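Single-letter residue listing:
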Amino acid sequence: EDQVTQSPEALRLQEGESSSLNCSYTVSGLRGLFWYRQDPGKGPEFLFTLYSAGEEKEKERLKATLTKKESFLHITAPKPEDSATYLCAVQAYGNTGGFKTIFGAGTRLFVKA
Amino acid sequence: SAVISQKPSRDICQRGTSLTIQCQVDSQVTMMFWYRQQPGQSLTLIATANQGSEATYESGFVIDKFPISRPNLTFSTLTVSNMSPEDSSIYLCSVGQGAGANVLTFGAGSRLTVL
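Presented here is a report on the structure given in the accompanying data block.

1. Observations regarding the pattern of salt bridges
Item 1. By the definition in use, this model includes six salt bridges over all chains.
Item 2. Linking K63 of chain A and E56 of chain A is a salt bridge whose minimum nitrogen-to-oxygen distance equals 3.4 Å.
Item 3. Residue K100 of chain A is joined to E58 of chain B by a salt bridge in which the shortest nitrogen-to-oxygen separation is 3.4 Å. Here K100 of chain A is found in strand β10 (residues 99-103), whereas its partner E58 of chain B is found in the loop between β6 (56-57) and β7 (68-72) on a different chain. Per residue, the accessibility class of K100 of chain A equals that of E58 of chain B, and both read buried.

See the structure below:
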């Protein structure tokens, strides 16, 4: 069964304190791994797509990496505005053709000034 | 990226009633998806709604409970039928974009509370 597990569930950081979020997955027929950010009361917002092991993507203070079994979202010198829930998702081929995106439970990040 | 508008943004409903959620996209898209996000949990795919074909439902979701319409390339509706308190959740519409339509853009969601 396709599955996505994120850890930790919640992470509290001081401003400037770098850390990493983990996403481990099992999926047959991986089309891609995605990171999204979700703010309270809003839908998830796309951050990165990773397709193959060894691939890395960066955006401002965020860097996403991918191995064959997991992905990391590294946050360097975070600021309070980085506080949000970060969702990892894998995209797999569906049973009836097409594809489906499976989300992890997310990591709630709190950055204190 | 596409801009998605959902209506209603929130509603309080009585047990046994039905509610239809509307999803309007500002551009034509082939693939649309409906997700449910229960309190404190992640997103669960309800169904895929592609224009010109019947919606495809995920395990645990059935058409009688969650009928979906997709009349054109910019609009879809999801009905939550015969609601119970367990249906209290946020329902999100999303569309696939980018190469292979694999990047999801989401609406802000519709928060339903069933009493």
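Alright, that's what it looks like, and here's the rest.
2. Regarding the interface of chain A and chain B
Item 1. Every contact between the two is made by 20 residues of chain A and, on the other side, 18 residues of chain B.
Item 2. Of the roughly 1400 Å² buried between chain A and chain B, counting both surfaces, carbon and sulfur atoms make up 55%.
Item 3. Broken down residue by residue, the surface that chain A buries against chain B is led by P44, F99 and F103 of chain A, which jointly contribute 32%.
Item 4. Our count for the chain A to chain B interface comes out at one salt bridge.
Item 5. Our count for the chain A to chain B interface comes out at seven residue pairs in polar contact (both at pLDDT 80 or more).
Item 6. Among the secondary structure elements, those contributing two or more residues to the side of chain A that touches chain B are β4 (30-38), β5 (45-50), β9 (84-93) and β10 of chain A.
Item 7. Broken down by class, the residue content of the side of chain A that touches chain B amounts to nine nonpolar, eight polar and three charged.

Conventions used here
Residues numbered from 1 in each chain as written. Chains lettered and ligands numbered in written order. Predicted model: local features only at pLDDT ≥ 70, side-chain atom pairs only at ≥ 80, totals over all residues. Heavy atoms only, no water. Salt bridge = Lys/Arg side-chain N within 4 Å of Asp/Glu carboxyl O. Helix = DSSP H or I, 4+ residues; strand = E, 2+ residues; numbered from the N terminus. Buried < 20%, exposed > 50% of the residue type's maximum accessible area, 1.4 Å probe, protein only. Contact = heavy atoms within 4.5 Å. Buried area = accessible area lost by both parts, 1.4 Å probe. Polar contact = N/O pair within 3.5 Å; in protein donor to acceptor, adjacent residues only side chain to side chain. Nonpolar A, V, L, I, M, F, W, Y, C, P; charged D, E, K, R; others polar.

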